[in-house]
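# Descriptive structure summary
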Amino acid sequence: MAHKAGFVNIIGNPNVGKSTLMNAFVGERLSIITSKAQTTRHRILGIVNGEDFQLVLSDTPGIIKPAYEMQESMMNFVKSAFEDADVLIYMVEIGEQELKDDAFFNKIIHAKIPVLLLLNKIDNSNQEQLEEQVAFWTAKVPNAEIFPISALQNFNVPEVFGRIIELLPESPAYYPKDQLTDKPERFFVNETIREKILLNYSKEIPYAVEVITEEFLEDDNIIRIRSLIMVERDTQKGIIIGHKGAALKKVGMDSRADLEQFFGKQIHIELYVKVNKNWRSNANMLKRFGYNQ
């Protein structure tokens, strides 16, 4: 049987379940998942290998209208997802009516490649609403195949996966068959810590935070990690640290538990917080954090 390989890129509004879907396909938590918008900031590749196929999945930031330079960079990751896709997944949720950017939507309905429209979170709907939504999206995106799914409950996800494999072009593998992602270990350390900040803090705090791992030392039985949490204001630094360091300690403990499961080793993690005013609009800082390549 001929070998198939290709790039399958997932786009959609924030919080529609793109990261949940990708993690379901890959079988690992490569993309962080929270209830807050703009959780995914980068384009993250997850690689699924079979004997006769390699599926290179790309999870992208939710589509928004950018308000500052970091968000502009996030939307550039989405633009690049249109350029190299062999199959495009446009993900929507029950009750959604439009994409938050007309130019992106125009690209979807005029795409020259197969488009799968996944109507997610159908476990939150009834049959009548589901039928209405399928009819609505059939008319709005006539070039797409529509699949009602629940990424969280894994409903119809194997069927979508099978259809993707059918649509892949014949090609040798693009990456080694034992590779899971294109991102280095430090990236997943940063994302895990950032996820815990998203879960443990409210209001603007998570969106003013970035994480960079400055030390990652791996021995046979333990990984020693030192990571910097960057904020924009002194008041944010105080909130991140908390009374007698309790809030920061909780972030470290929660992160360590997930990272020990991810890496399969004991983790020692040291966190500290630094103020860098307006880093989200600083081109040099954004480049350091991997936004402007």
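Presented here is an overview of the structure given in this document. Just so it is clear, the structure is predicted and the values come from calculations on it, not from any experiment.

Before going further, it helps to spend a moment on the nonpolar core. The nonpolar side chains of a soluble globular protein tend to be buried with one another. In terms of nonpolar packing, the biggest core is built from 26 residues, with Leu 21 and Leu 55 touching the most fellow members. Of all the elements in the fold, those that place two or more residues in this core are β1 (4-12), α1 (18-26), β3 (53-59), β4 (87-93), β5 (115-120) and α5 (157-167). At six residues, the largest contribution of residues to this core is made by α5. Discounting residues that sit within four places of it in the chain, Leu 55 has contacts with Gly 6, Val 8, Gly 46, Ile 47, Val 48, Phe 161, Ile 164, Ile 165 and Leu 168. Formed by 21 residues, the second largest nonpolar core is a distinct cluster that contains Val 189, Ile 229, Leu 248 and Leu 259.

Counted according to the given criterion, the structure contains nine salt bridges. Here Glu 195 makes a salt bridge to Lys 196, at a shortest N to O gap of 3.3 Å. Judged by its relative accessible area of 8%, Lys 196 falls in the buried class. Overlapping salt bridges, with partners in common, bring together Glu 145, Arg 163 and Glu 166 in one network.

What follows concerns the environment of Val 115. Within the element layout of this structure, Val 115 appears in strand β5. Taking the C-alpha atoms as reference, Val 115 lies 9.3 Å from Asp 86; in sequence the two are 29 residues apart.

As for its placement among the helices and strands, Lys 196 is situated in helix α6 (residues 185-200). With residues near it in sequence (within four places) discarded, Lys 196 still touches Val 251, Asp 254, Ser 255 and Asp 258.

Next up on the list: the environment of Pro 169. With respect to the element layout, Pro 169 can be found in the loop between α5 and α6. The spacing of Pro 169 and Phe 53 is 116 residues in sequence and 9.7 Å in space, taken between C-alpha atoms. Sequence-distant contacts of Pro 169, defined by excluding residues within four places in its chain, comprise His 3, Lys 4, Ala 5 and Asp 86.

The rules we used
- Residues numbered from 1 in each chain as written.
- Predicted model: local features only at pLDDT ≥ 70, side-chain atom pairs only at ≥ 80, totals over all residues.
- Heavy atoms only, no water.
- Core = buried A, V, L, I, M, F, W, Y, C linked by side-chain atoms within 4.5 Å.
- Buried < 20%, exposed > 50% of the residue type's maximum accessible area, 1.4 Å probe, protein only.
- Helix = DSSP H or I, 4+ residues; strand = E, 2+ residues; numbered from the N terminus.
- Contact = heavy atoms within 4.5 Å.
- Salt bridge = Lys/Arg side-chain N within 4 Å of Asp/Glu carboxyl O.

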